[in-house]
Amino acid sequence: MKILKFGGTSVANAQNIKLVINIVKNKVAESQLIVVVSAFSGVTDLLVLAAQKASEKDEIYKDIIATIEATHLTAIKELIPVNDQSAILSHIKRIINHLETLLDGCFLLGELSSRTSDTILGFGEMLSSYIIAEAFKQQLPGSEYKDSRELIKTNSHFGKAVVNFNLTDALIAEFFSIDTSPVVIIPGFIASSTDGNNTTLGRGGSDYTAAIVAAALNATHLEIWTDVNGMFTANPKLVKQAQPIETISYQEAMELSHFGAKVLYPPTIQPVLSKNIPILIKNTFEPEAAGTYISNENLSQTNPIKGISHIDKIALLTLEGSGMIGVSGSSKRLFEVLSNENINVIFITQASSEHSICIGILNAEADKAKNAIDKAFELEISQNKIDPCIVEKNLCIVALVGENMKNHQGLSGKMFSTLGKNNVNIRAIAQGASERNISVVINENDVKKALNTLHERFFEDNVKQLNLFVMGVGNVGEKFMEQIHQQKKYLKDNLKINLRVIAVSNSRKMYFEEEGIPLKDWQELLSNGATADKDAFIAKVKALNLRNSIFVDITANEEVSKTYSKYLKENIAVVTCNKIACSSQYDNYKSLKDLSRKYNAPFLFETNVGAGLPIIDTLKHLIASGDKIHKIQAVLSGSLNFIFNNFNENSTFFDVVKEAGVQGFTEPDPRIDLSGMDVARKILILIRESGYRMDIDEIENISFLPQKSADADTVPDFFETLKTEASHFENLYKEAVAKDSRLKYVAQFENGKANVGLQFIAKDHPFYNLEGKDNIVLFYTDRYTDQPLIIKGAGAGAAVTASGIFADVIRIGNV
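Computed from a prediction, not measured in an experiment: that's the story for all the values here.

1. Some remarks on the pairing of strand S18 (residues 464-471)
Walk down a regular strand and you will see the side chains alternate between the two sheet faces. Most of S18 sits inside the fold, with 8 of its 8 residues counted as buried. The pairing of S18 with strand S19 (residues 497-505) spans 8 bridges and is classified as parallel. Residue pairing for S19: Val470 is matched across the bridge by Val504. Traced from S18 through helix H16 (residues 475-495) to S19, the parallel crossover comes out right-handed. Bridge count between S18 and strand S22 (residues 549-553): 5 bridges; the pairing is parallel. Bridge pairing in S22 places Asn467 opposite Ser549.

2. Some thoughts on the nonpolar core
Core analysis: the largest hydrophobic core is formed by 79 residues, its most contacted members being Phe537, Phe653, Leu686, Phe704 and Phe779. When residues of this core are assigned to their parent elements, the largest contribution, 7 residues, is made by helix H27 (residues 677-689). With residues near it in sequence (within four places) discarded, Phe537 still touches Phe469, Val470, Met471, Ala503, Ser505, Met510, Phe512, Phe551 and Tyr567. One finds Val20, Ile131, Phe136 and Ile190 within the second-largest nonpolar core, a separate group that totals 54 residues.

3. Remarks on the environment of Met405
By the secondary structure assignment, Met405 is in the loop between strand S15 (390-401) and helix H14 (411-421). A sequence separation of 31 residues divides Met405 from Arg436, and the C-alpha atoms of the two residues are 6.2 Å apart.

4. Observations concerning helix H23 (residues 615-624)
Among the residues of H23, Ile615, Ile616, Leu619 and Leu622 are the ones counted as buried. Take H23 and look down its axis: the buried residues cluster within an arc of 120°, on one side only. Opposite the buried face of H23, at more than 90 degrees from it, the exposed residues are His621 and Ala624. The inward-facing, buried residues of H23 contact helix H22 (607-610), strand S25 (629-635), H27, strand S29 (774-781) and strand S30 (789-794). Looking at the residues trailing H23, positive phi occurs at Gly626, about 100°.

5. Regarding the packing of aromatic side chains
The final tally for this structure, using the stated rule, is 24 aromatic pairs. Geometrically, the ring pair formed by Phe6 and Trp225 is stacked, given 5.8 Å between the ring centres and 20° between the ring planes. With Phe6 in strand S1 (residues 2-6) and Trp225 in strand S8 (residues 221-226), this pair connects stretches of sequence that are 219 residues apart. Pairing Tyr130 with Tyr145 gives two aromatic rings, centres 6.2 Å apart and planes at 80°, and the pair type is edge-to-face. Of this pair, Tyr130 sits in helix H6 (residues 123-139) while Tyr145 sits in strand S3 (residues 144-145); the two residues are 15 residues apart in sequence, bridging distant segments of the chain. Owing to a relative accessible area of 22%, Tyr145 belongs among the partly exposed residues under this scheme. Its end group placed over the ring of Phe458, Arg457 keeps NZ or CZ at 5.9 Å from the ring centre.

6. With respect to the sheet that holds strand S7 (residues 198-200)
On the basis of which strands lie adjacent, the open sheet formed by 3 strands has the order S4-S6-S7 and mixed pairing. Every interior strand has two partners, whereas the edge strands, strand S4 (153-154) and S7, have only one. Bridge count for S4 against strand S6 (residues 190-193) is 2 bridges, and the pairing is parallel. Its bridge partner lying in S6, Thr154 is registered against Ser193.

7. Focus: the pattern of salt bridges
Counted under the stated rule, the structure contains 38 salt bridges. Glu336 is paired through a salt bridge with Lys332; the nearest N and O atoms lie 2.8 Å apart. Taken together, the positions of Glu336 and Lys332, both in helix H11 (residues 330-340) and 4 residues apart, correspond to about one turn of that helix. Taking the relative accessible area as the measure of exposure, Glu336 reaches 38% and is therefore partly exposed.

What counts, and at which threshold
Residues numbered from 1 in each chain as written. Predicted model: local features only at pLDDT ≥ 70, side-chain atom pairs only at ≥ 80, totals over all residues. Heavy atoms only, no water. Buried < 20%, exposed > 50% of the residue type's maximum accessible area, 1.4 Å probe, protein only. Helix = DSSP H or I, 4+ residues; strand = E, 2+ residues; numbered from the N terminus. Pairing = 2+ DSSP bridges. Right-handed = clockwise from strand over helix to strand, strands pointing away. Core = buried A, V, L, I, M, F, W, Y, C linked by side-chain atoms within 4.5 Å. Contact = heavy atoms within 4.5 Å. Arc of directions from axis to C-beta. Phe/Tyr/Trp six-rings, centres within 6.5 Å; stacked < 30°, edge-to-face > 60°. Lys NZ or Arg CZ within 6 Å of the ring centre and 35° of its normal. Salt bridge = Lys/Arg side-chain N within 4 Å of Asp/Glu carboxyl O.

Okay, structure coming up:
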């Protein structure tokens with residue numbers, strides 16, 4: 001004999017009920033089947049609302065009754081042939097009339113007793129089971145309906161009655177010993193007290209009904225049919241990568257059910273546990289899917305973690321004070337108070353010093369609990385031996401669950417470090433001696449990030465998801481997006497990095513998509529996005545609160561650079577090619593570095609100095625390994641190198657600067673490059689990263705521009721001076737030729753002093769043969785004394801700068 005239970009979504013409407021009938025048809029040849037059904041989806045909630053409104057003397061309850069009636073009449077008309085509908089419709093009308101009479105009574109009295117409430121809530125199952133039984137009789141002649149109130153007997157604890165198993169088991173066994181119907185349909189959730197009153201088994205009690213019947217009859221299986229493919233490694237609504245669990249133990253299923261896995265009602269497993277009856281959770285809408293098999297069989301497992309679950313809307317209550325230390329009975333008094341108030345304790349932890357004890361309860365019961373606790377400990381509080389009860393609301397419990405966790409070292413450490421790296425603050429920790437679960441209390445706002453982070457760590461083959469928020473999608477930004485699109489699959493397959501671009505913004509528009517922007521469509525989506533607003537952008541990034549978030553700044557905007565601290569304080573990494581922040585006042589630069597360390601949020605800016613060249617990364621490794629920088633010589637402007645490499649007797653300085661702009665080597669305002677300020681910022685950043693303190697005004701900037709060019713107010717005016725002052729630039733070139741040298745714009749640091757300026761470079765110098773837009777850096781250190789460490793390569797251009805930004809993102813992914 002098998003027991004099949006179908007939940008509310010499985011019997012939500014006629015179409016779904018037909019699926020249920022087909023599932024049962026395919027199984028009926030195997031053995032006698034008992035089908036337990038829930039109320040139609042949403043009906044129990046409507047009954048709760050109707051009862052509430054009636055007791056409040058709100059006549060809207062009549063409209064709710066009409067809605068419930070229409071739902072069931074529609075199902076009859078779609079399931080039952082017209083010639084057979086009359087008697088069924090009459091029966092349903094009688095049930096609805098009974099419901100209406102009860103609600104009218106609540107309305108007249110202006111009250112709702114728990115006994116009446118139980119009777120009203122049971123109407124959903126009474127209506128659905130009768131209709132479904134009649135539909136079965138049409139398709140499977142011989143099918144029978146049995147009212148579960150005649151089989152399951154309880155006490156009179158209305159709302160969540162306690163089953164009298166001795167009487168219940170006897171009644172079930174007696175009925176089915178003489179009943180030979182191939183299929184028997186019974187309503188879930190409802191029962192009756194030994195004195196004949198209607199009772200319920202608690203919300204979700206249809207599962208319990210099925211388990212009670214299965215245990216009483218020693219069924220071979222209990223099948224629970226729902227709308228998902230079994231129990232999942234995490235809530236699939238919050239964790240998109242959650243996977244169905246194929247096999248799980250009774251104890252693991254109990255833990256996951258207790259911690260919010262909605263597929264099972266927690267008490268369900270108890271009746272079948274002692275009888276070793278396996279439970280199979282299946283999907284009504286994908287009956288061929290394997291589902292989840294729950295048993296006590298010892299199945300070999302590779303992953304000690306079976307699932308990650310959570311309970312939200314939790315409040316943490318803390319009772320502490322010196323008056324608790326060494327005083328026996330404090331915990332007993334605390335729990336007695338809560339028991340007397342009928343408050344369920346979900347989570348308990350106590351410091352070994354006995355100075356404090358923390359408990360987790362539902363938010364809704366927190367105020368009542370605090371008042372009761374403070375009253376019970378009133379004397380100790382007045383004597384300052386114990387502090388008034390501290391209440392923290394809007395928290396959430398997250399639990400790792402697994403039978404084999406006790407045999408694996410370091411799981412707690414992995415859990416805590418994974419949460420810590422994503423700035424998820426743990427408020428309390430609990431772990432039972434069985435080590436079947438590790439529970440932590442966190443802020444409710446962090447639950448999605450926490451679940452996804454832990455799932456990634458324990459179930460996704462260590463694939464790390466990086467969520468990018470990109471500001472600035474001009475030349476470099478566009479190349480960056482292209483490179484991500486091109487390398488996305490490679491990174492996931494080979495480096496276990498799953499890159500998602502969540503937001504893009506330019507100076508006009510911004511666009512967000514929480515599940516990741518389709519990279520082939522980002523430009524169109526951005527053009528139709530919201531109006532750009534950097535404050536709104538920051539607020540949205542914070543509100544999403546995604547794990548491994550990275551803000552990518554591909555602008556040269558000072559206002560954007562001032563927002564970095566806001567991201568770092570939220571544990572959001574910052575990757576930037578914008579040099580302004582790192583070359584601003586030293587105190588601001590140091591503050592950003594300190595925030596990065598404090599909040600464990602990487603702050604990377606490799607492209608500040610050499611586009612895609614690994615200059616800063618190399619410098620960091622030198623310093624970390626104990627080397628010391630004494631001298632730096634560098635050509636740090638690919639733009640200026642391009643200009644002076646292409647400026648000769650056959651071209652004017654004006655033409656070369658124009659061409660550099662066309663090819664994207666200079667900023668739209670070339671004065672930024674030609675003034676030397678850009679190079680000064682770059683050498684300043686290298687000096688600071690070498691461990692020295694310096695500000696930009698301490699760097700001597702030896703300008704090669706004539707005064708008229710330096711004083712130009714606008715970009716057009718500046719270009720005009722390049723024409724009028726052409727002889728100045730020609731003389732520089734002629735002097736270089738006369739000295740058998742080449743013009744290079746050089747940055748230098750030595751003995752605590754730095755300067756930038758145009759130099760005549762002799763043939764024997766490493767800078768002489770620097771071609772095109774290349775950069776070169778020479779580091780003289782304790783270890784590199786006679787021959788410097790040389791880094792050389794392309795130092796300008798959209799593609800190489802984008803690749804440098806990309807490399808910083810990958811560095812974060814590899815942390």
